[in-house]
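Remarks on the overall topology
The residues making up each chain are set out below.
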Amino acid sequence: MENPSEETPAKWESLPSWLLTQTGNHAHRLVAEGFSSVGARGYHYRLLATLEEFGPASQAALGRRSGIHLSDMVATINELAERNLVERAPDPSDRRRNIISLTAAGKRQLRRLEKRLAECQDELLAPLSPEERQRLTELLSRLLDHHDRRTGIAEESRH
């Protein structure tokens, strides 16, 4: 659909679920393009940000904390390790497991990604005032928290 408002039944256009989905599609596109412009992907940001916040961790712990499925985690770590953004080292308490840590270059890349992400947020939310942006964020957070709690996702993502 080139122009959804021309081809979408009017009844749909006032449904919050439809509006959230369409806006989510724009958000995803903007963020993906923003990260791509600096040679990165969303998983790169999520992994680097998780390492910065929680410190070195095993691949399994990083997967739980970042929401990256373990099947995608190895490829993501490989991509970041090849660029010297993360380091792998054997876990001293279990040599079968690797501990992943953020490098200085990884911290610099994270700052670049945060800058691009902020620019993407500004582009996505351009028609809203700062107060409206804050209110939208609060409402979306409340909705997400409610549904995460109902499905048990909130507990899983906190551990």
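For the structure itself, consult the block above.
Let me begin by describing the structure that accompanies this report. (Residues numbered from 1 in each chain as written. Predicted model: local features only at pLDDT ≥ 70, side-chain atom pairs only at ≥ 80, totals over all residues. Heavy atoms only, no water.)

**A few points about the overall build of the protein**
Applicable threshold: Numbered from the N terminus, helices here are DSSP runs of H or I no shorter than four residues, and strands are runs of E no shorter than two. Residue exposure (1.4 Å probe, protein chains only): buried if accessible area is under 20% of the type maximum, exposed if over 50%, otherwise partly exposed. Here, Shrake-Rupley sampling with a 1.4 Å probe gives the accessible areas, and only protein chains in the shown set may cover a residue. Only four residue types enter the tally: Lys and Arg on the positive side, Asp and Glu on the negative side, with His and both chain ends excluded. The location of each charge is read from NZ of Lys, CZ of Arg, CG of Asp or CD of Glu.
Each helix and strand counted, the protein has 9 helices and 3 strands in total. Counting from the amino terminus, helix and strand elements in the protein follow one another as α-α-α-α-β-α-α-β-β-α-α-α. With respect to the three principal axes, the spread of C-alpha positions in the protein is 60 × 35 × 30 Å. Taken over 159 residues, the protein has a buried fraction of 26%. Summed over all atoms, the accessible surface of the protein reaches about 10800 Å², with 54% contributed by carbon and sulfur. Across the protein, the centroid of the 23 positively charged side chains sits 7 Å from that of the 24 negatively charged ones.

**Looking at the sheet that holds strand β1 (residues 57-58)**
Our working definition: When DSSP finds two or more bridges between a pair of strands, those strands are recorded as paired. Residue contacts are counted whenever heavy atoms from the two residues lie within 4.5 Å of one another. Each axis is a line fitted through C-alpha atoms, and for a helix only the stretch in contact is used; angles between axes span 0 to 180 degrees, taken between their N-to-C directions.
The 3 strands lie next to each other as β1-β3-β2, forming an open sheet whose pairing is antiparallel. Looking at the sheet topology across the chains shown, the edges are occupied by β1 and β2 (86-91). Note: β2 against strand β3 (residues 94-102), 6 bridges, orientation antiparallel. Directly across from P90, in β3, lies its bridge partner N98. Most of the contacts of helix α6 (residues 70-82) go to β2, to which it runs at about 120°, and overall it touches β2 and β3.

**Quick look at the pattern of salt bridges**
The test is simple: Salt bridges are identified by distance alone: a Lys or Arg side-chain nitrogen within 4 Å of an Asp or Glu carboxyl oxygen.
Applying the stated criterion across every chain, the model contains 11 salt bridges. For E52, the salt bridge goes to R111, with nearest N and O atoms at 2.8 Å. You can see E52 sitting in helix α4 (residues 42-54) and its partner R111 sitting in helix α7 (residues 104-124), a full 59 residues away along the chain. Residue class for E52 comes out partly exposed when judged on its relative accessible area of 36%. It is possible to trace a salt-bridge network through shared partners that takes in E52, R111 and E114.

**Remarks on α6**
This is how it is decided: How far a helix is expected to stretch is found by multiplying one less than its residue total by 1.5 Å. To be clear, the arc concerns the directions from the helix axis to the C-beta atoms.
Here α6 spans 19 Å end to end across 13 residues, near enough to the 18 Å set by a 1.5 Å rise per residue. Within α6, the full set of buried residues consists of M73, T76, I77 and L80. On an axial view of α6, the arc spanned by its buried residues comes to 100°, and they lie on one face. In α6, the exposed positions angled more than 90 degrees off the buried face are occupied by S71 and E82. Contacts from the buried residues of α6 go to α4, α5 (59-66), β2 and β3.

**Side note on unusual backbone geometry**
Positive phi outside glycine occurs at N84, with the angle close to 60°. Inspection of the secondary structure puts N84 in the loop between α6 and β2.

**Some words on the packing of aromatic side chains**
In plain terms, the rule: The pairing test for Phe, Tyr and Trp rings, Trp by its six-membered ring, is centres within 6.5 Å, and the orientation test on the planes gives stacked under 30 degrees, edge-to-face over 60, and tilted for anything in between.
Scanning the model with the defined rule gives 1 aromatic pair in all. Aromatic side chains F35 and Y45 sit 5.7 Å apart centroid to centroid with 25° between the ring planes, which places their arrangement in the stacked category. Placement of F35 in helix α3 (residues 16-36) and of Y45 in helix α4 is noted, with a sequence separation of 10 residues between them.

**Details of a nonpolar patch on the surface**
Formally: Each patch is assembled from residues with relative accessible area greater than 30% and no salt bridge, linking like charges that lie within 9 Å and nonpolar side chains (Val, Leu, Ile, Met, Phe, Trp, Tyr) that lie within 5 Å.
Side chains of L20, L136, L140 and L143 sit close together on the surface and give an oily, nonpolar patch of about 310 Å² of accessible area. Among the residues examined, L136 registers a relative accessible area of 31% and is labelled partly exposed.

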